[in-house]
Amino acid sequence: MKKNFSGHSSLKLNRRSFLVASTGVAASFAIGGIVPSAQAEAHTLPALPYAESALEPIISAKTLSFHYGKHHLGYLKKLNKFIAGTKYADMKLAEIIRDTAGKSEQVSIFNNAAQFWNHSFYWKSLTPKGGGEPPAVLKEKMEAAFGGVEECKEAFSQAAASQFGSGWAWLVLQGEDLAILKTSNADVPLQPGVKPLLTIDVWEHAYYLDYQNRRVDYVKAILDKLINWEFAVQNLS
């Protein structure tokens with residue numbers, strides 16, 4: 001029986017619920033090539049998959065420069081600072097997030113490690129000349145879960161627009177079906193049975209220079225012009 005997700009749900013991933021088996025977390029971190037390899041273990045900033053000006057006019061080079069070069073890099077620098085001299089210094093990114101999830105005394109490490117992962121995933125969720133018609137395999141899943149591509153985009157848009165304060169909207173594979181989730185602040189939809197496919201960053205620093213308080217316009221422009229359906233297909237497997 002097909003499952004119809006007519007709307008979105010808010011995934012209240014308190015850090016306690018993030019505690020999952022190490023194999024499951026490691027698999028999740030392989031999504032879209034964000035692998036905790038030797039480079040990731042060194043906690044260095046991954047290169048953008050396009051030039052800073054490549055997403056214009058939807059996202060300006062100025063916004064991308066600040067978002068990537070200040071915020072994303074800032075999370076990384078804080079992570080490296082917080083783990084220096086601790087047991088986390090020699091851990092892979094996945095291990096750091098797993099071990100700090102749910103521990104109030106390690107909340108700063110968790111937040112910065114998770115935000116580092118979230119942003120790395122977000123850049124891959126966008127692509128120049130994106131949007132348009134999704135590949136057939138993804139379109140079929142959209143039709144099964146939401147009734148069609150436009151209905152899926154509308155649910156995605158509603159999740160992003162309605163997230164109170166800072167956070168993220170996600171297209172995920174939940175079991176065998178597509179679903180739309182949203183998370184607050186640094187939380188991530190990485191738990192058994194849930195695989196992230198795409199995300200939209202709705203922290204104000206992601207759009208305020210270009211759109212001010214018009215978050216809805218920013219989200220619509222991403223879904224129409226920049227969303228990377230091919231990345232979602234890669235993550236289906």
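One can find the structure itself at the top, above this paragraph.
Read on for an overview of the structure. (Residues numbered from 1 in each chain as written. Predicted model: local features only at pLDDT ≥ 70, side-chain atom pairs only at ≥ 80, totals over all residues. Heavy atoms only, no water.)

Before going further, it helps to spend a moment on the nonpolar core. In terms of nonpolar packing, the biggest core is built from 68 residues, with I59, F156, L178, I200, Y218 and I222 touching the most fellow members. No other element matches helix α5 (residues 107-125), which puts nine residues into this core. (Core = buried A, V, L, I, M, F, W, Y, C linked by side-chain atoms within 4.5 Å. Buried < 20%, exposed > 50% of the residue type's maximum accessible area, 1.4 Å probe, protein only. Helix = DSSP H or I, 4+ residues; strand = E, 2+ residues; numbered from the N terminus.)

Time to look at the pattern of salt bridges. Applying the stated rule across the entire model yields seven salt bridges. With a shortest N-O distance of 3.7 Å, E150 and K153 are connected by a salt bridge. Within this pair, E150 and its partner K153 are both found in helix α7 (residues 149-162), separated by three residues, close to a single helical turn. E150 gets classed as exposed once you look at its relative accessible area, which sits at 53%. As a salt-bridge pair, D217 and R214 come within 3.0 Å of each other at their nearest N and O atoms. (Salt bridge = Lys/Arg side-chain N within 4 Å of Asp/Glu carboxyl O.)

We now examine the side chain of H67. Locating H67 in the fold gives a position in helix α3 (residues 61-83). Overall, the relative accessible area of 2% leaves H67 in the buried class. Engagement of the side chain of H67 in a polar contact is seen with the side chain of H119, the distance being 3.0 Å. Setting aside anything within four residues of it in sequence, one finds H67 in contact with H72, H119, Y122, W123, D201, H205 and A206. (Polar contact = N/O pair within 3.5 Å; in protein donor to acceptor, adjacent residues only side chain to side chain. Contact = heavy atoms within 4.5 Å.)

A few words now on unusual backbone geometry. Omega for the bond connecting E56 with P57 falls within 30 degrees of zero, at 5°, which places this linkage in the cis form. Residue position: P57 is located in the loop between α2 (38-41) and α3. Phi is positive for K129, which is not a glycine, with a value near 60°. Even without a glycine there, the phi angle at N185 is positive, about 55°. One can find N185 in the loop between β3 (177-184) and β4 (194-201).

Glancing now at the pairing of β3. The two faces of the sheet receive side chains in turn, since in a regular strand these alternate between them. The element β3 is extensively covered by neighbouring structure, given that six of its eight residues are classed as buried. For strand β2 (residues 167-174) and β3, the ladder comprises eight bridges, and the chain directions are antiparallel. Bridging from a neighbouring strand, W168 pairs with T183 of β3. Connecting β2 to the next strand, β3, in antiparallel fashion are two residues, including G175 with a positive phi near 70°. (Pairing = 2+ DSSP bridges.)

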